[in-house]
Amino acid sequence: MEKGRRSSTVHVLALPYPSQGHLNPMLQFCKRLASKGLKATLAITTFISNSLHPDSDSVGFDTISDGYDEGGFMQAGDVQAYLTRFESVGSKTLAELINRHESSGRPVDCVVYDAFMPWALEVAKQHGLAGAAFFSQPCAVNYVYYYAHHGFLTLPVSTLPVSIPGMPLLELEDMPSFISVHGSYPAYFEMVLNQFSNVEKADYILVNTFYKLEDKVSVLPSYVSLI
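- The protein carries the name Glycosyltransferase N-terminal domain-containing protein in an unreviewed UniProt entry, which gives Rhododendron simsii as its organism.

If you want it as structure tokens, here you go:
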């Protein structure tokens, strides 16, 4: 292909949060995209790439930096320090990656990003690309976090059972651990709530679940796709 010439195949760049429970669902999603004839590229951190040496017959791999290329999260030593630097360096290197694919003649059409990283959507929009939020956890868990993010659920929980529209009554032990054990891992708690900070700007919302698991959720928005 001549440099700068665009392929007609839709190219999806997928950006998982760099932990095992988020990498695997995104990789499997990329394989499904590839099976439908799309070009799928999984962008992992340099540290993950050097540690795992991933390979796939159908999915391409590329890298961004989390700012800790030698040791990943363990190099940071602190959750908040890691997340702050990951956003700063990750945003910059994601933009560079998008530009690099543009120059190669296989430009990115859509960025599918882990909802833990809402900054990736801002980068996608700056480049005029579609953005799809990918939630690795089931709808029910995300819905509880959504309720807490918007202040519909008072924390710490003091009145039980908890009533959330579309869900059965919930006891404290039914809630996600960041809510049931209030004050635990504050940096991670802020991260799971911030998944919704700009989600209304996303073109698509994807959830790693299936309908039978969510049969007690009465209504799902039309733009939500269960995968």
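1. Points about the confidence of the model for the protein
Consideration 1: On average, the protein scores 90 in pLDDT, and the residues at 70 or more come to 91%.
Consideration 2: Predicted confidence is poor over residues 1–5, with pLDDT under 50, and the contacts of this stretch with residues over four places away or in other chains come to eight contacts.
Consideration 3: This stretch, residues 219–223, has a pLDDT under 50; its non-local contacts, to residues over four places away or in other chains, come to five contacts.

2. Concerning the environment of aspartate 62
Consideration 1: Following the sequence through the fold, aspartate 62 ends up in strand β3 (residues 60–64).
Consideration 2: For aspartate 62 and methionine 175, which are 113 residues apart along the polypeptide, the C-alpha to C-alpha distance reads 36 Å.
Consideration 3: Apart from residues no more than four positions distant in its own chain, aspartate 62 is found in contact with Thr41, Leu42, Ala43, Ile44, Leu97, Arg100 and His101.
Consideration 4: Side chain to side chain, aspartate 62 and histidine 101 meet in a polar contact 3.2 Å long.

3. A look at the nonpolar core
Consideration 1: Ranked by internal contacts, the top residues of the largest apolar core, which has 53 residues, are Leu15, Leu94, Leu153 and Ile179.
Consideration 2: Element by element, the count of residues in this core is highest for helix α4 (residues 79–104), at eight residues.
Consideration 3: The contacts of isoleucine 179, once residues within four sequence positions are left out, are Val144, Tyr145, Ala148, Leu153, Leu155, Val157 and Phe189.
Consideration 4: Listed in part, the 18 residues of the second largest apolar core include Leu27, Val59, Cys110 and Ala132.

4. What about the side chain of aspartate 66?
Consideration 1: Within the secondary structure, aspartate 66 is located in the loop between β3 and α3 (72–76).
Consideration 2: Buried and unpaired, aspartate 66 has arginine 85 as its nearest opposite-charge partner, separated by 7.1 Å.
Consideration 3: Only 2.8 Å separates the side chain of aspartate 66 from the backbone nitrogen of tyrosine 68, close enough to count as a polar contact.
Consideration 4: Discounting residues that sit within four places of it in the chain, aspartate 66 has contacts with Thr45, Gly72, Tyr82, Arg85, Phe86 and Val89.

About the cut-offs
Residues numbered from 1 in each chain as written. Predicted model: local features only at pLDDT ≥ 70, side-chain atom pairs only at ≥ 80, totals over all residues. Heavy atoms only, no water. pLDDT = per-residue confidence, 0-100. Contact = heavy atoms within 4.5 Å. Helix = DSSP H or I, 4+ residues; strand = E, 2+ residues; numbered from the N terminus. Polar contact = N/O pair within 3.5 Å; in protein donor to acceptor, adjacent residues only side chain to side chain. Core = buried A, V, L, I, M, F, W, Y, C linked by side-chain atoms within 4.5 Å. Buried < 20%, exposed > 50% of the residue type's maximum accessible area, 1.4 Å probe, protein only. Lys, Arg positive; Asp, Glu negative; His and termini not counted. Salt bridge = Lys/Arg side-chain N within 4 Å of Asp/Glu carboxyl O.

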